[in-house]
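# Fold and geometry: a report
Letter by letter, the chains look like this.
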Amino acid sequence: MKFKERIKVILDMALPITVGLSSSFVMAIIDLAMVGQVGTAAVAAVGLAGFSYSLLCALLTGITPAVQSLVSRRAGEGCSEPKCLPLNAGLLMALAASIPMGLLCYFLAPSFLASMASDPEVVKAGVPYLRALAIGMVFIGLDNAFQGFWAGLGRTRVYMVNILFVNALHVLLNYVLIFGHFGAPAMGAAGAGLASTLSVLVSMLLYVVVTLVHYRREAFLSALPSWNLVGRMLQVGVPAVMEAAFFALGFVVFYWIVGRMGTAELAVTNVLTRISILMDLFAQALGTTAVTLVSRSMGARDPASAERWGWDVAKLGVGWITLLSVPLVVAPAACLGVFLSDPATVALGILPARLTGAFLGVASLIYIFATTLISLGDGKRVMLVSFSTQWLLFLPGVWLVGVTLQAGLNAVMYVQLAYGALATTLIVALWRQGRWKQMTV
């Protein structure tokens, strides 16, 4: 297959995932804007409780690559076993993990939020919101399993259509439940949480229906997976969970450190992080695509083709995201001005914005190769690289230059770039080393 044809295959799979992820990002902003009409305490409650809930949900992210890698590899092997066995295993793993986590989140919500927020109004608004989200945690886990299954089959348009419909439903439910329309009570922040849970429930039910229609005869919900299959999936899922959890918690610590430097520094960091997350959506979509293509080639016992797919996705990611980041480099004040109104704060962020924009394309290699390596069974080394560079070098370095030496935000950005460059180099080195070619999942 020629390079242009390979790029077309990658884009055909990655674009639907990108559309879905981008729509979720936009819906999150709309969600926050709608809650903002209720009051400042509601916004603070949604921000605090929502971010805390996201950290918990990070513990369920390993289900997606575990299901996806097994489905893709079995397709490449031409395996005669029912296609839905990895999905069934993923659904059981989701139930086993999400039910106790949801119950814990529900019952500990009051004491947790009281320890995090000093304003009683924030706690009052945050508890019902977080509890409503906790009820939906089981649906999040099940959704992750279905996403891995359809991505593993290479049918990413199913994911796109599902998430676009559900996000539209989420906005409608927000309108009804937050403000009390069509006879519903005005629930405020609690309504936003309930809208999220109901939306994810509908998403999960849609996946069930579509899977039944297309794969009823492939043992969907009708056969138990073997312990061997569950063990193989845990080999992928556990390192993915640990890597995601440590990375997310590291960002919390990073925000806390920058917050000690000053409000303006925290505001700029928040804006640049939001922009980076938007760009990272493309990297995540490409990483998901690489998992399917590489795992399928490994299943077909063609490691040379698997390696080519990895490099092709990487080249596309660097070029695509670098191009999208150009406005941040050439017009940083205009980009920051969309989110910040204080001229002094915008001026503070000029150099950090340029540095961030210049490096985002290269940084996409972390997401692409780390996601792929985890799916191939090399997650322990990825977790080691992620933990050591972030927790042993980056965070202590930020504390040293930002708080101890008080060198300012520019110095913090240089530390962040050095950390990103080192992490990228090490992850790419793991891919180039090729040990993943001898691993079995």
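Further up the page is the structure itself.
One structure accompanies this document, and this report is about it. (Residues numbered from 1 in each chain as written. Predicted model: local features only at pLDDT ≥ 70, side-chain atom pairs only at ≥ 80, totals over all residues. Heavy atoms only, no water.)

### Some details on the packing of helix H10 (residues 263–299) against helix H11 (residues 303–324)
Note the threshold: The axes are straight lines fitted to the C-alpha atoms, using for helices just the contacting stretch, and the angles between their N-to-C directions are given from 0 to 180°. Note on conventions: DSSP H or I runs of at least 4 residues are helices, E runs of at least 2 residues are strands, and numbering of each starts at the N terminus. With respect to orientation, any angle under 35 degrees is reported as roughly parallel, any angle over 145 as roughly antiparallel, any angle of 65 to 115 as roughly perpendicular, and every other angle as oblique. We call two residues in contact when some of their heavy atoms are within 4.5 Å. In this count, Pro and Cys sit with the nonpolar residues alongside Ala, Val, Leu, Ile, Met, Phe, Trp and Tyr, while Asp, Glu, Lys and Arg are called charged and the others, Gly among them, polar.
Close contact between H10 and H11 brings their axes to 8 Å; oriented N to C, the two are set at 170 degrees. With respect to each other, H10 and H11 are oriented roughly antiparallel. Here H10 contributes Met279, Phe282, Ala283, Leu286, Ala290, Leu293, Val294, Ser297 and Met298 to the contact with H11, which in turn contributes Pro303, Ser305, Ala306, Trp309, Gly310, Val313, Leu316, Gly317, Trp320, Ile321 and Leu324. Among the residues forming the contact of H10 with H11, the class breakdown is 16 nonpolar, four polar and no charged.

### Observations regarding a nonpolar patch on the surface
The condition is simple: What makes a patch is a set of residues exposed beyond 30% relative accessible area and free of salt bridges, joined within 9 Å when like-charged and within 5 Å when nonpolar (Val, Leu, Ile, Met, Phe, Trp, Tyr). Each accessible area is a Shrake-Rupley result for a 1.4 Å probe, and residues are judged covered by the shown protein chains and nothing else. Whenever Lys or Arg places a side-chain nitrogen within 4 Å of a carboxyl oxygen from Asp or Glu, that contact is recorded as a salt bridge. Note on classification: 1.4 Å probe, protein chains only; a residue is buried when its accessible area is under 20% of the maximum for its type, exposed when over 50%, partly exposed between these limits.
On the surface, Leu92, Leu95, Ile99, Leu103, Tyr106, Phe107, Ile135 and Leu224 cluster together into a nonpolar patch covering about 800 Å² of accessible area. For the nonpolar patch, the leading source of residues is helix H4 (residues 85–116), giving six residues. Among the secondary structure elements, Phe107 is positioned in helix H4. Owing to a relative accessible area of 57%, Phe107 belongs among the exposed residues under this scheme.

### What about the environment of Ala75?
Topologically, Ala75 is positioned in helix H3 (residues 63–77). Measuring from C-alpha to C-alpha, the distance between Ala75 and Arg381 comes to 26 Å, with 306 residues separating the pair along the chain.

### Topic: helix H16 (residues 379–404)
Cut-off, in case you're wondering: A residue's bend is the angle separating two fitted axes: one through the seven residues that end there, the other through the seven that start there.
Where H16 bends most, the angle comes to about 30 degrees, and this point is Gln390. Just past H16, the residue Gln406 takes up positive phi, approximately 50 degrees.

### Observations concerning the pattern of salt bridges
Once the charged atoms of two side chains with opposite charge are near each other, the side chains can pair. Inspection of the entire model under this criterion finds five salt bridges. Put simply, Lys8 and Asp12 hold a salt bridge, and the shortest N to O gap is 3.1 Å. Here the residue Lys8 and the residue Asp12 both occupy positions in helix H1 (residues 3–36), the gap between them amounting to four residues, near one helical turn. On the basis of relative accessibility, which here comes to 31%, the residue Asp12 falls in the partly exposed class. The salt bridge involving Asp378 is made with Arg381; its shortest N-O contact spans 3.0 Å. Taken as a pair, Asp378 and Arg381 share a single burial class, namely buried.

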